[in-house]
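Each chain is listed here by its residues.
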Amino acid sequence: MSAPSAPVAIIGAGWTGLAAAFTLQQHAIPCVVYESAPHPGGRARTVSQHGHQLDNGQHLLIGAYSETLRLLQQSGQDEGALLLRQPLRLAVWGQQERLLLNAPRLPAPLHLAAALLSAQGLPWGERLAALRMGLRLQTSAYRLPEDISVAALLRQHRQGERTTRLLWEPLCIATLNTPIAEASAQVFLNVLRDSFGHRYRDAELLLPRVALGELFAESLSAQLNRQAANTLRLRQRVEALHSEDGKLCALTVQGKHRPYTQAILATAPEAASRLLAPLPTLQGLAEQIRQLGSRAILTAYLHYPPECRLPQPMLGLHGGIAQWLTDRRITGQAGLIAVTISTAEGYGSMDNNSLCDTLHREIQQHFPHWPAPQHCQVIREKRATFDCRVGIQSLRPEQQTPLHGLWLAGDYTAGDYPATLEGAVRSGVQCAHQIIQARK
Ligand SMILES: Cc1cc2nc3c(=O)[nH]c(=O)nc-3n(C[C@H](O)[C@H](O)[C@H](O)COP(=O)(O)OP(=O)(O)OC[C@H]3O[C@@H](n4cnc5c(N)ncnc54)[C@H](O)[C@@H]3O)c2cc1C
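Residues numbered from 1 in each chain as written. Predicted model: local features only at pLDDT ≥ 70, side-chain atom pairs only at ≥ 80, totals over all residues.

1. Overview of the overall build of the chain
We apply this condition: Helical segments are the DSSP runs of H or I of at least four residues, strand segments are the runs of E of at least two, and each set is numbered from the N terminus. Put plainly, a residue is buried at 20 or more neighbouring C-beta atoms within 10 Å of its own, exposed at 12 or fewer, and partly exposed in between, counting only other residues' C-beta atoms, which are placed from the backbone. Whether two residues are in contact depends on their C-beta atoms, placed from the backbone: they are in contact if these lie within 7 Å.
Along its length, the chain carries 13 helices and 20 strands. Seen through its C-alpha atoms, the chain measures out along the principal axes to roughly 65 × 50 × 40 Å. Buried positions account for 48% of the 440 residues belonging to the chain. In the chain, the share of contacts with a sequence separation of at least 24, taken over all contacts with a separation of at least 6, comes to 70%.

2. Overview of unusual backbone geometry
For residues besides glycine, phi is generally negative; the peptide bonds are generally trans as well. Residue P109 is reached from A108 by a cis peptide bond, and omega for that bond is 0°. On the secondary structure map, P109 appears in the loop between β8 (98–102) and α4 (110–117). Positive phi values are uncommon outside glycine, yet D245 reaches one of about 50°. As for its position among the elements, D245 is in the loop between β11 (238–244) and β12 (247–253). Here D245 falls in the exposed class, since 6 other C-beta atoms lie within 10 Å of it. Phi at Q254 takes a positive value of approximately 45°, unusual for a residue other than glycine. Here Q254 lies in the loop between β12 and β13 (256–259).

3. Some remarks on the packing of helix α2 (residues 66–74) against helix α13 (residues 421–438)
What counts is decided by this rule: Angles shown run from 0 to 180 degrees and are taken between the N-to-C directions of axes, each axis being a line fitted to C-alpha atoms and, for helices, limited to the stretch in contact. An angle counts as roughly parallel when it lies under 35 degrees, as roughly antiparallel when it exceeds 145, as roughly perpendicular when it falls between 65 and 115, and as oblique in every other case. Two helices crossing with the near one rotated counterclockwise from the far one by less than a right angle form a left-handed crossing, whereas a clockwise rotation gives a right-handed crossing. Note on residue categories: nonpolar means Ala, Val, Leu, Ile, Met, Phe, Trp, Tyr, Cys or Pro, charged means Asp, Glu, Lys or Arg, and polar means any other residue, Gly included.
Packing of α2 against α13 brings their axes to within 8 Å, and their N-to-C directions diverge by 70°. Taken together, the axes of α2 and α13 are roughly perpendicular relative to one another. Judged by the twist between their axes, the crossing of α2 over α13 is left-handed. Contact residues: E67, T68 and L71 in α2; L421, E422, V425, R426 and V429 in α13. Taken together, the residues of the contact of α2 with α13 break down into four nonpolar, one polar and three charged.

4. Focus on the nonpolar core
Convention followed: Here, a nonpolar core means buried Ala, Val, Leu, Ile, Met, Phe, Trp, Tyr and Cys residues linked by C-beta atoms lying within 7 Å of one another.
If you look at the biggest cluster of nonpolar residues, it comprises 136 residues, and the most contacted ones within it are A20 and I264. With residues up to four places along the chain from it excluded, the contact list for I264 reads V8, I10, I11, A20, W407, A409 and C431.

5. Thoughts on the domain arrangement of the chain
As a reminder of what qualifies: Domain extents, as shown, originate in an automatic or database domain assignment.
The domain architecture assigned to the chain consists of domain 1 (8–46 + 210–292 + 389–438), domain 2 (88–203) and domain 3 (294–386). Each of domain 1 and domain 2 has a C-alpha centre, and these two points are 34 Å apart. At the interface, nine residues of domain 1 touch 14 residues of domain 2. Among the residues forming the side of domain 1 that touches domain 2, the class breakdown is five nonpolar, two polar and two charged.

6. Some words on the site of the ligand
Put simply, the rule reads: The rule is simple: place the C-beta atom from the backbone, and if it lies within 6 Å of a molecule or strand, the residue is near it.
Taken together, 37 residues lie near the ligand, and G12, G14, G42, G57 and T420 sit nearest. Sorting the residues of the shell around the ligand by element identifies α1 (15–26), β15 (294–303), β19 (375–386) and α13 as the ones contributing at least two each. Of the residues assigned to the shell around the ligand, the class counts are 16 nonpolar, 15 polar and six charged. Split by domain, the shell around the ligand shows at least three residues from each of two domains, domain 1 (8–46 + 210–292 + 389–438) and domain 3 (294–386).

7. Side note on the sheet that holds strand β18 (residues 336–342)
Selection rule: Any two strands are treated as partners once DSSP identifies two or more bridges connecting them.
If you walk across this open sheet you meet the seven strands as β8-β7-β16-β17-β18-β15-β19, and the pairing is mixed. Each edge of the open sheet is held by one strand with a lone partner, namely β8 and β19. Neighbour-to-neighbour, the strand axes of the sheet open up by a mean angle of 20°, direction not taken into account. Examined bridge by bridge, β15 and β18 share seven bridges and lie antiparallel to one another. Opposite L298, over in β18, you have I341 as the bridge partner. Of the strands in this sheet, β7 (89–93), β15, β16 (314–317), β17 (324–327), β18 and β19 touch helix α12 (residues 352–366), which is tilted by about 70° from β15.

8. Remarks on the sheet that holds β11
Reading across the sheet, the three strands line up as β11-β12-β13 and stay open at both edges, with antiparallel pairing between neighbours. In this open sheet, the two strands that pair with only one neighbour each are β11 and β13. On average, adjacent strands in this sheet sit at an angle of 30° to one another, irrespective of strand direction. Of the strand pairs in this sheet, β12 and β13 are connected by four bridges, and their pairing is antiparallel. Residue pairing across strands places V253 opposite K256, the latter belonging to β13.

9. Let's talk about the packing of helix α10 (residues 269–276) against helix α11 (residues 283–290)
Closest axis-to-axis distance for the α10/α11 pair is 8 Å, and the angle between their directions is 160°. Between α10 and α11, the crossing angle belongs to the class labelled roughly antiparallel. In this structure, α10 crosses over α11, and the sense of that crossing is left-handed. Facing P269, A272, S273 and L276 of α10, the residues of α11 in contact are L285, A286, I289 and R290. A per-class count over the contact of α10 with α11 returns six nonpolar, one polar and one charged.

10. What about the environment of A286?
Following the sequence through the fold, A286 ends up in helix α11. Distance in space between the C-alpha atoms of A286 and E270 is 8.9 Å, their sequence separation being 16 residues. Apart from residues lying up to four places away in sequence, A286 is in contact with S273, L276 and A277.

Take a look at the structure:
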């Protein structure tokens, strides 16, 4: 057991690492957060490009993100000032067809039943099939005897072709960043359960009103440093972990040896696997994490004149490359449209100019009066999320590692959610609680 006053090292200041640090500080356990980048936030950060403040990807939260919302509140943030809360209103436009799903303010799951039955753009028979699936899922507590693909689940429940194309497929790709033919139905059901199974508020959409960095990372970092100066150390890469007699004993940070007997490895999976691999007892774990694989998300920001606006903050598109458009008017950037392309591995070689031209043409099919954008910026996140494929849950590691004193936290560790902000925060908080328990 560590001395009560010995600080815990946290490697990585993404949402996971910050959530862990905040929780430890709340329990008077000192910690030091090492972050290799010049800023906190990790895969949910704001970048400055050609004088524009842009998020590395458009992020959407939902009402079911209970731990994230709790932490925001406990760190003194005002949810209303940071997040625009919208009732669930899903619009997906294809070339010749449009889906509009509106959830009325009714107790769950009646809100979902009413939304499905009144969905515009779906044939009556398909709406009934979707409702039947919703009821059966509710009865089975959203559990499957064994994992199958989302496509297979939809076939089992006889989902119509149009419902699959305009509703389930866009939802699955947006939440799991994995195509329906490969995506884990169990993880998809976990998301549906938490969004639709309990309270009306859980399905509400929460869109950041501020730059992503401001939403969580900057405020939490400031709070950590206020509690104890120099808690967050930026531009400090952890280069190696050291062990002695099966216990963690030190880290190498920027070439310097730092003794630690407890550390939380809160990096993304690839970096975690790289740090674990040199230690013989952790090679198996490193390989397991490597096998999680990754998927890309590409975000293009098209700068239109300020009068160009979407009919609602987010709009799904179907039939081309663009998947979701977000009107950045909500962050005070009128005319800026963020185009999200998930499962974007296939666009790696497409150059930015061709990509932006294609996206503009797709947008113009729906908004013919919009002029060409003044300019366009593209941010590619090659390893945005782990590959949320069938059977992935059995590969996600527990937080305790075979090396005494070393813990894992991150959106990829064992948990119900796909790679999400809420998954990251839950993992960080849970890991901190395991350390708090171990110190009692
Ligand atoms: C484009 C995009 C869009 C997304 N959209 C959504 C969305 O709409 N909704 C949603 O809920 N989620 C979304 N996500 C997922 C979400 O951003 C991630 O799940 C979450 O940010 C992961 O946080 P993390 O702290 O676990 O990992 P990370 O954010 O990766 O943090 C790890 C940190 O560790 C640091 N680090 C790495 N190696 C070292 C080292 N050796 N020493 C010190 N520091 C190190 C890194 O610099 C990084 O800051 C999206 C992700 C992307 C990329």
